[in-house]
Amino acid sequence: MRYDVAIIGSGPGGLSAAINAKIRNKNIIVFGNSNLSEKVVKAPKINNYLGFYDINGENLKNMFKSHIDKMGIEINEERVNNVYAMGDYFSIMVNEKMYEASTVILATGVEYTKPIKGEEEFVGKGVGYCATCDASLYKGKKVAIVGYNSEAEEEANFLMEIASKVYYIPMYKNEYDVDENIEIIKDIPIEVQGDTKANKLVLRNTDLDVDGIFFIKNSISPKYLVPGLEVEDGHIKVDRNMKTNINGCFAAGDCVGKPYQYIKAAGEGQVAALNAVSYLDKK
Ligand code: FAD
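- The name given to the protein in an unreviewed UniProt entry is Thioredoxin reductase (NADPH), with Tepidibacter formicigenes DSM 15518 as the source organism.

Written out as structure tokens, the structure is:
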């Protein structure tokens, strides 16, 4: 089945895109999570979202949730690893699964975590952002996973079935639900080192000699998510119609630039959806 619009992200940008595309009778799929967005839930007090003075993030999230529920919009709780432009449609990869859509709206937010030294240099050469996608490369090998959220635990467990050794470096405080054979290291990653390929993760207190290193973050840098996407100063480059350099691919919210604000994300989500709809109607 090919969707009309695939929306990646369930924050205000993605959800606003979803309701607007749905109102125009488009067949949509929204990727995200049931909590919608950490950046909504965690806000202690919001005074600048029109119509909701003095609301807190949890309540705003509940209002968003009730809105999409009433419109019959469901969130597909899956993390998109890659989006490939195939000409007149897009392939959306979720681990071993693939979805197809005629247009894509990227509303993935921004990741505040800066890459560590050497991380970007070795991407594709021993450094990756999706352990489950690249697991087969590490059969019988040693791998480190730097997890920025508990979803990374699943990736570590999956890799443990294939790799000979998995180190798990959690960047959050929690209980860690990982396989007993995984070595948990509570330390701070400083640098990725290597020659033609990455072979060492330098932590503040120790070094790990490994064949691969994965950084599992809340959102992946857009240029790795969508190969060929034009990015400027860390943000997806769009025009006033929220159109990216790839035909049929639109973007909205924090991922396209500052100010990082709810209502700006929601407004851009609407513009992106309406332009995706007119792109579809002209096809
Ligand atoms: P986000 O809200 O970040 O949502 C992106 C979603 O996409 C996330 O759920 C993420 O998990 C999901 N996602 C990312 N990549 C993928 C993928 N590959 N596959 C599937 N899902 C994916 N703004 C205001 O206007 N007023 C305020 O008072 C305010 N207070 C804030 C307080 C705090 C503590 C914080 C952190 C932020 C605050 N902000 C405030 C800023 C606001 O949160 C952001 O500007 C807004 O949430 C951006 O919306 P977005 O839809 O672009 O992205």
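Back to the text.
## Some thoughts on the packing of aromatic side chains
(1) Moving on: All chains considered together, the criterion is met by 7 aromatic pairs.
(2) Moving on: For the ring pair Phe31 and Tyr99, a centre distance of 5.2 Å and an interplane angle of 75 degrees mean the geometry is edge-to-face. Note that Phe31 is positioned in strand S2 (residues 28-31) and Tyr99 in strand S6 (residues 97-106), a separation of 68 residues in sequence.
(3) Moving on: For Tyr99, a relative accessible area of 14% corresponds to the buried category.

## Things to note about the nonpolar core
(1) Moving on: Ranked by internal contacts, the top residues of the largest apolar core, which has 72 residues, are Leu106 and Leu201.
(2) Moving on: Top element by residues in this core is helix H7 (residues 262-282). It accounts for 6 residues.
(3) Moving on: Formed jointly, this core draws a minimum of three residues from each of two domains, domain 1 (2-111 + 219-282) and domain 2 (127-216).
(4) Moving on: Excluding residues within four positions of it along the chain, Leu201 makes contact with Ile116, Ala144, Val146, Ile169, Pro189, Glu191, Val192, Thr206, Asp207, Leu208, Val210 and Ile213.
(5) Moving on: Of all hydrophobic cores here, the second largest spans 18 residues; its members include Ala152, Tyr172, Val178 and Ile182.

## Structural notes on the pattern of salt bridges
(1) Moving on: Scanning the entire structure with this criterion turns up 16 salt bridges.
(2) Moving on: Close ionic contact of Lys200 with Asp207 constitutes a salt bridge, the shortest N to O distance being 3.9 Å.
(3) Moving on: On the basis of relative accessible area, Asp207 is assigned to the partly exposed category, the value being 42%.
(4) Moving on: A salt bridge links Glu230 to Lys237; its shortest N-O distance comes to 3.5 Å.
(5) Moving on: On the basis of relative accessibility, which here comes to 37%, the residue Lys237 falls in the partly exposed class.

What counts and how
By convention here, each chain's residues receive numbers from 1 onward along its written sequence. Two thresholds apply to this predicted model, a pLDDT of at least 70 for residue-level local features and 80 or more for giving and counting side-chain atom pairs, whereas whole-chain, interface and lining totals are computed over all residues. Values shown for side chains rest on all heavy atoms present in the structure; no hydrogens or waters enter the calculation. Side-chain rings of Phe, Tyr and Trp (the six-membered ring for Trp) are treated as a pair once their centres are within 6.5 Å; stacked means planes under 30 degrees apart, edge-to-face means over 60, and tilted covers the remaining angles. A helix here means a DSSP run of H or I that spans at least four residues, while a strand means a run of E at least two residues long, and both kinds are numbered starting from the N terminus. Burial classes: relative accessible area under 20% of the type maximum marks a residue as buried, over 50% as exposed, and values in between as partly exposed (1.4 Å probe, protein chains only). What we call a nonpolar core is a set of buried Ala, Val, Leu, Ile, Met, Phe, Trp, Tyr and Cys residues that are connected through their side-chain atoms within 4.5 Å. These domain boundaries are the output of an automatic or database domain assignment. In this description, contact between two residues means that some pair of their heavy atoms is separated by no more than 4.5 Å. For this analysis, a salt bridge means a side-chain nitrogen from Lys or Arg found within 4 Å of a carboxyl oxygen belonging to Asp or Glu.

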